[in-house]
Amino acid sequence: MKKTNKYIIGLIALTLLSQSCKKDLVDINTNPKTLSDANPEFLFTGATVDFNLNSRNNTFQKYGTTMTYMQYVVPEGADAVALARTYWDPSKTIGPNPGFPYYNDYFNGNGRDMHRIIDKINSLSEGQSATYQGLKAICLIIDTYQAWKVADIFGALPYNQAFNVVQYPLPTYDFDYTLYKTFDQKLKDAATLLKSSTAQIAINNQDLFYSGDYGKWLSFANTLRIKIAQRYEKRDPAQLASVLADVANNFAGNVISSNDGSFGYNQTRDWNNNVDDINVILFAYNAAYPFVQFLKSTNDPRLAFMVRQNDFGTNYKNYVTVKQTGDATTQAALLQPENDVTNPNNRYWGKHAFPASANTSFGSTGGDRFKTFTVSGGSGTQTLGFLSAIQSRLFVKNGGFGGFDARSSKDLMHDDESYVDGSTIKMRTPYLTYAETCFMMAEIAEKGGNGLGKSAVQWFNLGVQASFDQYKTMAVATNVPNATTVTIGNFATTLPYKGLPSIYSQAWVNFLTEPDEAWAMWKRTGYPQFEDVRAGQPNRIGDGSTIAYLESLWDGKQNLLLPRRNSLDLSTGSNQNSANYSTAIKAMMTKDPAYGTTAQDTKGRIWWDAQ
């Protein structure tokens, strides 16, 4: 792996509030051990600024990969051929590569910088260092989390010999099948350090994750230990049981226990105020049919937070024009059941995800977003968006309106949608939430494992409530129309519980803003399961059973396959380290033939993704 001789810690952010702007950022280009004037807490702020989303590509990359894989969104205007490009033809040897940025982000960003901040803390005097042990533990947690994300989808990375260019100029690769226990030990060490450290430096203004709450970092470390162990449950069930016992016995079962304790990042005030390019989620993707139909079929109140209303309503001026000036044919069309706005569910329609659906056999949900109507006595036409977008305000400020693309014109906003100064919108990106923790623990308890004092049903109900609360908070903060008026009612307590399928179904809904985790859950459990959908034939998509399904990726001849991992390419690392790279690829292929025939065979499996 190519290394640089300069120590570049990142940027010092002199922040006064956790949601404040990136002010007075200064590059540090000297050995961190000599930076007596640069406190570790400021280095930490700079090193984690806009965590995992400091590139515009990182923001929109998930739209066409995991959000599409897990059928939250479907490309707009795509024919059968275009829809098929996202997936693997099982008969082919060349297919799509997700292209996740985690590898380079780790080695050129957080991983490098966390090691350097730890070195900085270790270089301080004994008295100073003692007050930074909590921050040292936090750096260990961030480093472990980011390295795990790499191992999770790439399968291998230099780890034990990484970031030591003097001793290991060409580091060897480590593998997910050994690293998962290394990661657990690192997290346990960090949790122990947090538990035992007292009189720590205040980092309230420098910690944009938890505002300096060391107790929440401890809960996150314990929760992440369980999360990683659960990932490897098929390979090593004893490890999961051991981690649960250790968290219960040595850390009093201290896991994330409220939405306030969810692990996430408060984006800085000027983050992505310019919505150009990243706003394609508004107009280049539709909400997916399976997702929308499931929410509608269960009368899920989160529908109002997660999916944008279509244009068929009196809150959109062009609909009013069509209603008032449309000719007889138009008036008749507006009375068709799917266009009847007296049914509030008709404001939400998704697009079929599978390639063969892109034809007239599947009606309006198989076509493009817009319907065209004749207006003004036959002298003109007006288009209305029939298919819904996913609620883009959860991902992009102002929902992506106001960009240079005409399809994001503010003139296309509904009357109840607002446009405000982007710096006033507080965006928090979730990475491991309380709701996710509840569904994780519900699954463990349902399988007979250590539920940390709660039953599967209890965890499940808490998870549904937590998910609603999480999305309502996000919706209100990002100005989703009418979010403040939406209530959960008795949804959480009356939703039928049918064991694991119910847990996975609700976890899938909850993972809308964490689609990578939905993809991981599907690989680990097979849920949501695929359902064949054929024109004119019954299927279980949104059938009211309260169990979610994905559409099989039928192309008219066969079901296509989802990618299951990222390609570990030589260019991901360095040509100078090609020998170790080749050894790593051969080792993964030998360890488990399901890895695939080449590094680029992304329909293959990482070792944890056992068949």
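Residues numbered from 1 in each chain as written. Predicted model: local features only at pLDDT ≥ 70, side-chain atom pairs only at ≥ 80, totals over all residues. Heavy atoms only, no water.

Asker: Provide a residue-level description of the packing of helix α1 (residues 40–47) against helix α5 (residues 102–123), including the pertinent values.
Answerer: Geometry of a packed helix pair, given as the angle between the helix axes and the separation of the axes. Orientation of α1 relative to α5, taken along the N-to-C sense of each, is 180 degrees, at an axis distance of 10 Å. In this view, α1 runs roughly antiparallel relative to α5, as classed from their interaxial angle. Across from P40, L43, F44 and A47 in α1, the residues of α5 making contact are N110, D113, M114, I117, K120 and I121. Split by residue class, the contact of α1 with α5 holds seven nonpolar, one polar and two charged. (Axes fitted to C-alpha atoms, helices over the stretch in contact; angles between N-to-C directions. Helix = DSSP H or I, 4+ residues; strand = E, 2+ residues; numbered from the N terminus. Parallel < 35°, antiparallel > 145°, perpendicular 65-115°, else oblique. Contact = heavy atoms within 4.5 Å. Nonpolar A, V, L, I, M, F, W, Y, C, P; charged D, E, K, R; others polar.)

Asker: Got a sec to walk through the confidence of the model for the chain? Specific residues and values, please.
Answerer: Of the residues in the chain, 93% have a pLDDT of 70 or more, and the chain-wide mean is 92. Segment residues 1–36: pLDDT under 50, and 97 contacts once partners within four positions in sequence are set aside and those in other chains are kept. (pLDDT = per-residue confidence, 0-100.)

Asker: Give a description of the pattern of salt bridges that names residues and reports values.
Answerer: Note that side chains of opposite charge can pair when their charged atoms are close. Applying the stated rule across the entire model yields 24 salt bridges. Between R564 and D609 there is a salt bridge, with its nearest N and O atoms 2.8 Å apart. Of the two residues, R564 sits in the loop between β12 (549–551) and α21 (578–591) while D609 sits in the segment after α21, which places them 45 residues apart along the sequence. Both residues of the pair, R564 and D609, count as buried. We note a salt bridge from D601 to K603, for which the minimum N-O separation is 2.9 Å. Judged by its relative accessible area of 7%, D601 falls in the buried class. (Salt bridge = Lys/Arg side-chain N within 4 Å of Asp/Glu carboxyl O. Buried < 20%, exposed > 50% of the residue type's maximum accessible area, 1.4 Å probe, protein only.)

Asker: Can you lay out the packing of helix α7 (residues 133–154) against helix α8 (residues 176–196) for me, pointing to particular residues and giving the numbers?
Answerer: Between α7 and α8, the least distance of the axes is 9 Å, while the angle of their chain directions is 160 degrees. The orientation of α7 relative to α8 falls into the category roughly antiparallel. Pair α7 / α8 crosses with left-handed handedness. Only D176, L179, F183, K186, L187, A190, L193 and L194 of α8 make contact with α7, whose side of the interface consists of Q133, G134, K136, A137, L140, I141, T144, A147, W148 and A151. Looking at the contact of α7 with α8 residue by residue, the classes come out as twelve nonpolar, three polar and three charged. (Left-handed = near helix turned anticlockwise from the far one by under 90°.)

Asker: Describe helix α19 (residues 500–510), listing the residues and the values that go with them.
Answerer: Of all eleven residues making up α19, nine are buried, and the element is well covered by its neighbours. Along α19, the residues that are buried comprise S502, I503, Y504, S505, Q506, A507, W508, V509 and N510. In this fold, the buried residues of α19 make contact with α12 (289–297), α13 (303–306), α16 (434–446), α17 (456–477), α20 (515–525) and β12.

Asker: Lay out unusual backbone geometry with the relevant residues and their values.
Answerer: In this model, Y527 is joined to P528 through a cis peptide bond whose omega is -5 degrees. Here P528 is to be found in the loop between α20 and β11 (529–531). The phi torsion at N299 lies on the positive side, around 55 degrees, for a residue other than glycine. Looking at where N299 falls in the secondary structure, it is placed in the loop between α12 and α13.

Asker: Give me the environment of N274: which residues, what numbers.
Answerer: Considering the arrangement of structural elements, one finds N274 in the loop between β6 (263–266) and α11 (280–283). Separated by 110 residues in the primary sequence, N274 and L384 place their C-alpha atoms 27 Å from one another.

Asker: An account of the nonpolar core is requested, with residue identities and associated values reported.
Answerer: In this structure, W217, I226, F263 and W508 are the most contacted members of the largest nonpolar core, which totals 152 residues. In terms of residue count, the dominant contributor to this core is α7 (14 residues). Excluding its chain neighbours within four sequence positions, the residues that come into contact with W508 are M70, Q71, Y72, P290, F291, F294, A518, M521, P528, A548 and L550. Membership of the second largest hydrophobic core comes to twelve residues, among which are F312, V322, A333 and L387. (Core = buried A, V, L, I, M, F, W, Y, C linked by side-chain atoms within 4.5 Å.)

Asker: How would you summarise α7 if you had to cite specific residues and measurements?
Answerer: The terminal C-alpha atoms of α7, which comprises 22 residues, lie 31 Å apart, in line with the 32 Å expected from a rise of 1.5 Å per residue. Across the 22 residues of α7, 22 count as buried, placing the element largely inside the fold. Of the residues trailing α7, G155 is marked for its positive phi of about 90 degrees. (Expected span 1.5 Å × (residues − 1).)

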